[in-house]
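Now for the letters of each chain:
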Amino acid sequence: MNTTTQTEWFGKKLLSMMIIAGVSISGVSFFVLDSGMDNVTSQDTTLCDNGLCYDSHTDSIPVGTYVQQHAEVGTVQVMQKTEDFSSLKLFNKGPKYEVDDFTATIYPAKDSFVREGIRNSNEGSNDILRVMGQGETNNRALIAFNQNDLEAVTQGKSLKSATLKLFVISNDGKWSDSQTINIHALGANWDEGKSMNAPFSSLVGEQTGVTWDCSTQTDCASWNGGVFNPAPTAVTNIDNSVNGQWIEFDVTGDIEAFLSGMENNGWIIMKSNEDQPGRINFAAREAQSNTPQLELTFA
């Protein structure tokens, strides 16, 4: 015959109360942690923007390690994932250019950006072009258009104007006063590369394209952030309100020079004063929409 003693009954009651209390505390803890995580992930910044980059030695961000942005990509990191992604290059396979009697639009042949904080990091497959001033972690964007395309669309026509258009996809809101960014004609050739390391150091592809230190895999003698004409081709104002819109640079003089025999290496885009804070991201040619455009008009 099954009987329940007073001691057994008391023990079962105590165990039930402990289980209920444990479930309640777990639920509250989950709610608090979940709410806290929402606050963390809803911030309008990334760790790289604050000087930290994710280290891909681990697979998940919560338990990952981070490296200071003001550093070089390590040899071990460079070797990661290169076997699977060394030939990766993402971009929209649209037309190279569009032309009619009075206008032409040419799409870029290559673009990237270089990072002073990680001097051997290549961003040739990134879908953004970043311009940033932050002392020793400056970022500069590079873009170039195919010379054969340029000659094809202008053949038999009289050039009236040339405008480089870039679409702003994000602005960090730290352009306290209205600042300016410059575009300069590049004085040396450069390789786009196939890598993509920002915002996190995922290190996709080999670091063999343009970096802060090198214009190509083998040419690192005098690049140091870019070899360019010190006189800007054009200047445009940027403030905190410039976001989700096109900005334009008048590059008519450079296009005329390219058509007259000057070597066409494209342009570098950088802040006029790189010691001031402020970061802006443009859509690159790898973006899904609003890719860079060189617009020509004819007389």
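Read on for a plain summary of the structure. (Residues numbered from 1 in each chain as written. Predicted model: local features only at pLDDT ≥ 70, side-chain atom pairs only at ≥ 80, totals over all residues. Heavy atoms only, no water.)

Take unusual backbone geometry next. Notably, Asn-224 is not glycine yet its phi reads approximately 45 degrees, a positive angle. Looking at the secondary structure, you find Asn-224 in the loop between strand E9 (179-185) and strand E10 (234-238). One non-glycine residue, Asn-290, adopts positive backbone phi at about 55 degrees. Classification of Asn-290 by relative accessible area gives partly exposed; the value is 31%. (Helix = DSSP H or I, 4+ residues; strand = E, 2+ residues; numbered from the N terminus. Buried < 20%, exposed > 50% of the residue type's maximum accessible area, 1.4 Å probe, protein only.)

Moving on, we come to the pairing of strand E13 (residues 279-283). Of all five residues in E13, five are buried; the element is thus mostly enclosed. Residues Arg-279, Asn-281 and Ala-283 line one face of E13 and the alternating positions Ile-280 and Phe-282 line the opposite face, and both faces are buried. As defined by bridge partners, strand E6 (residues 128-132) adjoins E13 across five bridges and the pair is classed as antiparallel. What sits directly across from Met-132, in E13, is Arg-279. Where strand E8 (residues 159-171) meets E13, three bridges bridge the pair, whose relative direction is antiparallel. Bridge assignment links Ser-170 to a residue of E13, and that residue is Asn-281. (Pairing = 2+ DSSP bridges.)

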